[in-house]
Amino acid sequence: MEIIMSIRGKIALVTGASSGIGAATARKLATEGVVVGLAARRKERLDTLVTEITGAGGKAVALPADITDPASCKAAADALITQFGRIDVLVNNAGLMPLSSVDSLKVDEWKRMVDVNISGVLNATAAVLPQMIAQHSGHIFNMSSIAGRKVFTGLAVYCATKAAVTAFSDGLRMEIGPKHNIRVTCIQPGAVKSELYEQITDASYRKQMDDLAASMTYLEGEDIADTILFALKAPSRMDVAELFVLPTEQGW
């Protein structure tokens, strides 16, 4: 009787792989025998992670890419396919979260969030989907957030982008699951230690996040990586459509 899926030897593309959840996910997948393509803009970080993973006996390749650029996403996916012949897993992890009140009119930050958090997911999905359709198999993970379920002050635009990711994930699952045998999982974390908070340019909101970090034990990137691994290893008959993961102390 099938209990869990074997993932050894599968090929994965992870966006936002240079730090945080993306890097933790790449490490975790590599320890399970997955070949990991690391996509992000910071090549030096990717090279360091490749060295770490290969030094531990895993397989990884650096794929410098800008997910806001469809051509760059396609080039990264094509490079992985050329080298390994397929793509079995996509982890759409890259994201931005510069908090600010709407009336601060940080329009450039809004646009960047839309470009990375929404368009980046669409671009990477479009880059891998033809290969997964041809294989008649695959698993796409989209990183949403508690902010895709609940709205918070200072996070209006970020919440809107993550709500879009959640909606897209569900629609994508309904369309490509039955037709192409491709699973889709939307991960919705609460507070996680990451570099997201370093992008906050508003001093009052940065202090608010620092105070929040002092009030509870945040999740680690490895916790989200384990969550992804759980869904990935689920029997092929089962699609874990959504996973809502919070720190135990986070009551909102």
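In this numbering scheme, every chain counts its residues from 1 along its sequence in written order. The predicted nature of this model means local features are confined to residues of pLDDT at least 70 and side-chain atom pairs, given and counted, to a pLDDT of 80 or more, with totals for whole chains, interfaces and linings taken over all residues. Calculation of side-chain values draws on the structure's entire complement of heavy atoms; hydrogens and water are dropped beforehand.

1. Examining helix α2 (residues 43–55)
Note that an α-helix has 3.6 residues per turn; residues three or four places apart therefore point the same way.
Okay, so step 1: Numbering of helices and strands runs from the N terminus; a helix is a DSSP stretch of H or I covering at least four residues, while a strand is a stretch of E covering at least two. Expected helix span is given by 1.5 Å per residue-to-residue step, counting one fewer step than there are residues. With 13 residues, α2 extends 18 Å between its outermost C-alpha atoms, agreeing within 8% with the 18 Å of an ideal straight helix rising 1.5 Å per residue.
Okay, so step 2: Buried-residue contacts for α2 involve α1 (20–31), β2 (35–40) and β3 (59–64).
Okay, so step 3: Taken from the residues just after α2, G57 is the one with a positive phi, measuring 95 degrees. Every residue pair with non-hydrogen atoms within 4.5 Å of one another is taken to be in contact.

2. Describing the UniProt feature "domain: Ketoreductase" (unreviewed entry) in the protein
Okay, so step 1: When the UniProt feature table is mapped onto this chain, "domain: Ketoreductase" (unreviewed entry) is found at residues 10–195.
Okay, so step 2: In this annotation, residues 10–195 is assigned 51% helix and 19% strand; the end-to-end C-alpha distance for the span is 28 Å. UniProt positions are given in the numbering used here, feature names are shortened, and annotations may be inferred rather than shown by experiment.

3. Notes on the pairing of strand β6 (residues 182–189)
Okay, so step 1: Classification of residues uses two cut-offs on accessible area relative to the type maximum, computed with a 1.4 Å probe and protein chains only: under 20% is buried, over 50% is exposed, and between them is partly exposed. Burial analysis of β6 places eight of its eight residues in the buried class, the great majority of the element.
Okay, so step 2: Both faces of β6 are covered, namely the face carrying I182, V184, C186 and Q188 and the face carrying R183, T185, I187 and P189.
Okay, so step 3: Relative to β6, strand β5 (residues 138–143) runs parallel, the two being bridged by six bridges. For G138, the partnering residue across the bridge sits in β6 and is I182. When DSSP finds at least two bridges between two strands, those strands are taken to pair.

4. Focus on the packing of helix α3 (residues 70–84) against helix α4 (residues 107–135)
Okay, so step 1: All axes are obtained by fitting lines to C-alpha atoms, using only the stretch in contact for helices, and the reported angles, taken between N-to-C directions, cover 0 to 180 degrees. Relative orientation of the contacting elements α3 and α4 amounts to 35 degrees, with a least axis distance of 8 Å. Note on packing geometry: the crossing formed by α3 with α4 is right-handed. Mapping the contact onto sequence places P70, C73, K74, A77 and I81 in α3 and N123, A124, A127, V128 and Q131 in α4.
Okay, so step 2: Among the residues making up the contact of α3 with α4, the classes are represented as seven nonpolar, two polar and one charged. In a left-handed crossing the near helix is turned counterclockwise from the far helix by less than a right angle, and in a right-handed crossing that turn is clockwise. Gly falls in the polar group here, along with every residue not listed as nonpolar (Ala, Val, Leu, Ile, Met, Phe, Trp, Tyr, Cys, Pro) or charged (Asp, Glu, Lys, Arg).

5. A look at the packing of α1 against α2
Okay, so step 1: Remark: α1 packs on α2, axes separated minimally by 10 Å, with the N-to-C direction vectors making an angle of 25 degrees. Our classification of the angle between α1 and α2 gives roughly parallel. The hand of the α1/α2 crossing is right-handed. Contacts between α1 and α2 pair A23, A26, R27 and A30 from the former with L49, E52 and I53 from the latter.
Okay, so step 2: Residues belonging to the contact of α1 with α2 are distributed by class as follows: five nonpolar, no polar and two charged. The cut-offs work like this: below 35 degrees is roughly parallel, past 145 is roughly antiparallel, 65 to 115 is roughly perpendicular, and the gaps in between are oblique.

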